[in-house]
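# Working through the structure, step by step
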Amino acid sequence: MEIILMVVLLLLAVIVANTVNLVYPKIPLALYQIAAGMVLSFDSQFHHFVIHPEIFMLIIIAPLMFKDGKSTSLRALRTNLSTILSLSVGLSVVTVIIAGFFINWIWSAATLPIAFLLAAIITPTDAVAVSLITRNVEVPTDVHQALEHESLFNDAAGIVLFGIALSSITSGNFSVFTSILDFGKTFFGGIIIGFILCYLVTILRLNLTRTHTDISAIIVPVEIMTPLFVYWVAEEIGVSGILAVVAAGLVFAAFQTRLRLTSTKLQIVTTTTWAIISDILNGFVFVLLGATLPSVMSDRGAQDISILLIGGVIIYVLITLIRYVWFKFNLAPSVNSSNNHALNGAIGGVHGTIALAMAFSIPTGVNSTLTELRGQLIFVTATVILVSLLVATFVFPYIAPKKQDELSQQELSDIFRDLIYYAESQLRNSNPKSKEVDRVSGTIGSQTRSFTTQPDRKKYVKLIDQVHQVELDTLDQMEDNNEITHQERMISEKILRKSLDLFSNHGFVSTFNFLSRNLKRKFHFGRNRRRRIEERRQRVGQHNRIDRKKMLSIIIKTTEAVQDYLRTLNDKENAHEINFILEYYNQLLQRYQSNENLDDDLMSNLFIQAFQYEHSFVQQQLASGQISTNVANNLNEQISTDELVYMQSLN
């Protein structure tokens, strides 16, 4: 029960850290997660929290590596194969060898195999971490692509080298020739096993999608279990489970084009599921670091901690210098060897989840020296990770220009509103007026929620007054035409005024009004009570004497008049506020007409027309140069997602 509670607390810490990062995103998410973990460390049960290394590799590392593999572009891999091999294999091996001998030289307590073990742990880079850090700066495209591909395979290379070093520590023997053979066996054997196993799983998935329409409940769990299954089988055979998982992810990426159109719903579900799993697992590792770091520090004196900190900084400087030389001397063929590109490539080697996960997976009990040094190795690894994160955070803004957003959020919101107005107007102009057109138009109008912000209060209140005047004018016209009586007009005005007051106060002063009304009721409770009761009876009697259907028709007509008025307004400055109020009246009309019979087939066709108009608008804007390709893709993606949701809601 304690283990379950601790895992729940770790996940809660991940959620809190992610929430804080949304509010203030300038600080890397990993640092928030480490801080959240340190808060958990005040609970004594986290002081000696240890996950079994095999479970850690199976549950955390395997899914992360599989997700990275399935998200990789195979075309980009083929194009940059020489660079990928150079960085992920050549640079990894050279870094482990140089750093291993250096660590053994400066740290007398670490034997050569343990020094190589630590070097293998700190070699892998984390593309997710560098992507988060560089999201506001323009890193050269060739460098950014090289860093992403490097992290995919140098993780695997680092884990294989970690396994070889750990095997040498366990056996007490170290042979260069044997190590090379073991490296080849585990490296290429893992790739082969991963390809074979995932090919079989993918064929099964293809057959299921061809014979069944909606199998998300089967396919998604199978895909989540795939990296666990592949890793377990590969490790049982004696090859690299991590490389097998990476190969499995690449097989999924290869078959992705054949799976893409089988089920839109399935693709959305799997993509969202893996994004959530990846975020949680990445955050879990950093929170765990923060939770266990204080206990590691408490076992050491102040002098030991300072020595380990200095050692970690020196090791980071060394491996960063190795990376700079590697890029500078053009050993990464597809990356420019200029000083700026080399510096970006060196600083971009941010270390993260995989390095930390390997440090936590160091076993105890297999070697007395390793067991004694385990806490120090974790502390040095954490130091290297933190220093790499901090250096990248503060150095990148100086060596890379600030990223210029193509459009601000407000500009994107304006374009999307124009898109909605275009679709609605085309829909109404090409179809006769009907309840179905009104319903589809109202539903389409709610799409703007994806991009809109809160309306301006002053503009909003001014429009509310105009809208109420339209309601009053409509009631006056109906009374002049003898469509309604004066009594019906007065009661309708009260209902509309009350409804509009509730809407206009929502989110602004509704709480104040609610409290003030209750205070007034309590203060005047005993005053003129008999008179108020009699007035209430008269109002109820008036309502009862008015036909309910008649009252409903009056409200519907005034609502439609307001909609027509709002649609005639062509004010760019007030477009957001106009659409905000228009959406309310669309929803209001839908509620009033909820009991009326609607033609479902006609509505389905109208929805298809509306979304086609939206896509046409995007194409027109792109062709005229009003928006870029990236903005067009963003809009089309949002439209396609909304289309899926709305069409499913009709069913």
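## Observations concerning the overall build of the protein
- Within the protein one finds 26 helices and zero strands.
- Within the protein, the proportion of its 651 residues that are buried is 48%.
- Of the roughly 33000 Å² of accessible surface on the protein, a fraction of 60% belongs to carbon and sulfur atoms.

## As for helix H19 (residues 457-480)
- Here H19 spans 35 Å end to end across 24 residues, near enough to the 34 Å set by a 1.5 Å rise per residue.
- Those residues of H19 lying buried are Tyr460, Leu463, Ile464, Val467, His468, Val470, Glu471, Leu472, Thr474, Leu475 and Met478.

## Re the packing of aromatic side chains
- Inspection of the entire model under this criterion finds six aromatic pairs.
- On the numbers, 5.2 Å between centres and 80° between planes, the contact of Phe66 with Phe252 is edge-to-face. With Phe66 in helix H3 (residues 53-70) and Phe252 in helix H11 (residues 241-259), the pair connects residues that are 186 residues apart, well separated along the chain.
- Where Phe101 meets Phe116, the ring centres are 5.4 Å apart and the plane angle is 80°; that geometry is what we call edge-to-face. Of this pair, Phe101 sits in helix H5 (residues 81-106) while Phe116 sits in helix H6 (residues 112-122), placing them 15 residues apart in sequence.
- A connected cluster of aromatic rings, assembled from ring pairs, spans Phe66, Phe252 and Trp274.

## A short note on unusual backbone geometry
- Unusually for a residue other than glycine, Asn330 sits at a positive phi of about 60°.
- Residue position: Asn330 is located in the loop between helix H13 (302-328) and helix H14 (339-347).
- Judged by its relative accessible area of 40%, Asn330 is partly exposed.
- A positive phi is found at Asn482, a non-glycine position, where the angle reads about 60°.

## Overview of empty space enclosed by the protein
- The tally for this structure, following the rule as stated, stands at two cavities of 30 Å³ or more.
- Taken as a whole, the largest cavity spans an internal volume of roughly 80 Å³.
- Around the largest cavity, the lining residues are Leu87, Leu91, Ser92, Thr95, Ile122, Thr123, Thr125, Glu150, Asn154, Ile319, Arg323 and His351.
- Contributing elements (two or more residues each) for the lining of the largest cavity: H5, helix H8 (141-171) and H13.
- For the lining of the largest cavity, the leading source of residues is H5, giving four residues.
- Grouping the constituent residues of the lining of the largest cavity by class yields four nonpolar, six polar and two charged.

## Notes on the nonpolar core
- Trp107, Leu117 and Leu377 are the most contacted members of the largest nonpolar core, which has 122 residues in total.
- Looking at this core element by element, the count peaks at 15 residues for H8.
- Not counting residues within four places of it along the chain, the set of residues in contact with Trp107 comprises Leu118, Leu308, Leu373, Gln376, Leu377 and Val380.
- Core analysis: the second largest hydrophobic core is formed by 21 residues, Val437, Phe607, Ala610 and Val618 among them.

## Structural notes on a nonpolar patch on the surface
- Taken together, the side chains of Leu22, Val23, Tyr24 and Ile27 make up a nonpolar region of the molecular surface, amounting to roughly 440 Å² of accessible area.
- Looking at where Tyr24 falls in the secondary structure, it is placed in the loop between helix H1 (2-23) and helix H2 (29-40).

## Observations regarding the environment of Leu85
- Locating Leu85 in the fold gives a position in helix H5.
- Sequence-wise, Leu85 and Ala332 are 247 residues apart; in three dimensions their C-alpha atoms are separated by 8.9 Å.

## Quick look at the pattern of salt bridges
- Applying the stated criterion across every chain, the model contains six salt bridges.
- Ionic pairing is found between Arg323 and Glu150, a salt bridge with its closest N-O pair at 2.7 Å. With a gap of 173 residues between them, Arg323 in helix H13 and Glu150 in helix H8 connect regions that are remote in the sequence.
- Overall, Arg323 belongs to the buried group, its relative accessible area being 6%.
- What makes Glu150 buried here is its relative accessible area of 1%.
- Asp476 is paired through a salt bridge with Arg489; the nearest N and O atoms lie 2.6 Å apart. Of this pair, Asp476 sits in helix H19 while Arg489 sits in helix H20 (residues 486-505); the two residues are 13 residues apart in sequence, bridging distant segments of the chain.
- On the basis of relative accessibility, which here comes to 7%, the residue Arg489 falls in the buried class.
- Connected via shared salt-bridge partners are Asp476, Glu479, Arg489 and Glu493.

## Digging into the packing of H2 against helix H16 (residues 368-399)
- Where H2 meets H16, the axes come as close as 10 Å, and the angle between the chain directions of the two elements is 140°. Judged by the inter-axis angle, H2 sits oblique to H16. As H2 runs across H16, the sense of the crossing is left-handed. Touching Ala30, Leu31 and Ile34 of H2 are Leu386, Leu389 and Leu390, all from H16.
- Across the contact of H2 with H16, the residue classes tally to six nonpolar, no polar and no charged.

Rules and cut-offs
- Residues numbered from 1 in each chain as written.
- Predicted model: local features only at pLDDT ≥ 70, side-chain atom pairs only at ≥ 80, totals over all residues.
- Heavy atoms only, no water.
- Helix = DSSP H or I, 4+ residues; strand = E, 2+ residues; numbered from the N terminus.
- Buried < 20%, exposed > 50% of the residue type's maximum accessible area, 1.4 Å probe, protein only.
- Areas by Shrake-Rupley, 256 points an atom, 1.4 Å probe, with all protein chains shown as cover.
- Expected span 1.5 Å × (residues − 1).
- Phe/Tyr/Trp six-rings, centres within 6.5 Å; stacked < 30°, edge-to-face > 60°.
- 1 Å grid on protein atoms, 1.4 Å probe; cavity = no way out; pocket = protein on both sides within 12 Å on 5 of 7 lines; lining within 4 Å.
- Points joined across faces, edges and corners; volume = space filled by probe spheres on them.
- Nonpolar A, V, L, I, M, F, W, Y, C, P; charged D, E, K, R; others polar.
- Core = buried A, V, L, I, M, F, W, Y, C linked by side-chain atoms within 4.5 Å.
- Contact = heavy atoms within 4.5 Å.
- Patch = residues over 30% accessible without salt bridge, like charges linked within 9 Å, V, L, I, M, F, W, Y side chains within 5 Å.
- Salt bridge = Lys/Arg side-chain N within 4 Å of Asp/Glu carboxyl O.
- Axes fitted to C-alpha atoms, helices over the stretch in contact; angles between N-to-C directions.
- Parallel < 35°, antiparallel > 145°, perpendicular 65-115°, else oblique.
- Left-handed = near helix turned anticlockwise from the far one by under 90°.

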